[in-house]
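Spelled out from the first residue to the last, the chains are:
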Amino acid sequence: MTAKATNAKPPTRLDDEEAELRRWTPEDVVKKQLLPYKSVRTLKQKCYRRQVFHHNDAGRITFSPESIRRENERTLVAPIAA
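Since we're looking at a predicted model, the values are computed, not measured.

Notes on the overall build of the protein
Looking only at helices and strands, the protein has five helices and two strands in total. Looking at the protein residue by residue over its 82 residues, the buried ones come to 21%. For the protein, the accessible surface area stands at approximately 7,100 Å², while carbon and sulfur atoms represent 52% of it.

In structure tokens, the structure reads:
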């Protein structure tokens with residue numbers, strides 16, 4: 001092993017403030033299944049049509065934890081009361 005590999009720090013967990021600043025690309029969202037879309041192309045098309053909550057950072061589509069929450073809340077299906 002190299003000295004660089006043995007001295008590497010373990011990954012640390014983000015605190016709440018840093019976690020809220022996190023942004024995901026459409027590829028990350030589909031890979032991690034954060035939204036109910038199976039393809040990146042479909043998700044991007046929905047964003048272009050402004051049908052999905054997202055951010056347009058410098059012309060790039062990104063998703064924050066808040067936009068993921070809002071989109072999941074918007075597409076929530078309530079159970080039928082018996």
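Considering the side chain of Ser67
Relative to the elements of secondary structure, Ser67 occurs in helix H5 (residues 65-74). Setting aside chain neighbours within four positions, we find Ser67 in contact with Phe53, His54 and His55.

A few points about H5
Residues spaced three or four apart along an α-helix point in a common direction, a consequence of the helix completing one turn every 3.6 residues. All of the buried residues in H5 are Pro65, Ser67, Ile68 and Glu71. Looking straight down H5, one finds that the buried residues subtend no more than 165° of arc, so they occupy a single side.

Topic: the pattern of salt bridges
Considering all chains together, one arrives at four salt bridges under this definition. The partner of Arg23 in a salt bridge is Asp57, and the shortest N-O contact between them spans 2.7 Å. With a gap of 34 residues between them, Arg23 in the loop between helix H2 (16-20) and helix H3 (26-32) and Asp57 in strand E1 (residues 55-57) connect regions that are remote in the sequence. Taking relative accessible area as the criterion, Arg23 reaches 36% and is therefore assigned partly exposed. Its relative accessible area of 33% is what places Asp57 among the partly exposed residues.

Thresholds applied
Residues numbered from 1 in each chain as written. Predicted model: local features only at pLDDT ≥ 70, side-chain atom pairs only at ≥ 80, totals over all residues. Heavy atoms only, no water. Helix = DSSP H or I, 4+ residues; strand = E, 2+ residues; numbered from the N terminus. Buried < 20%, exposed > 50% of the residue type's maximum accessible area, 1.4 Å probe, protein only. Areas by Shrake-Rupley, 256 points an atom, 1.4 Å probe, with all protein chains shown as cover. Contact = heavy atoms within 4.5 Å. Arc of directions from axis to C-beta. Salt bridge = Lys/Arg side-chain N within 4 Å of Asp/Glu carboxyl O.

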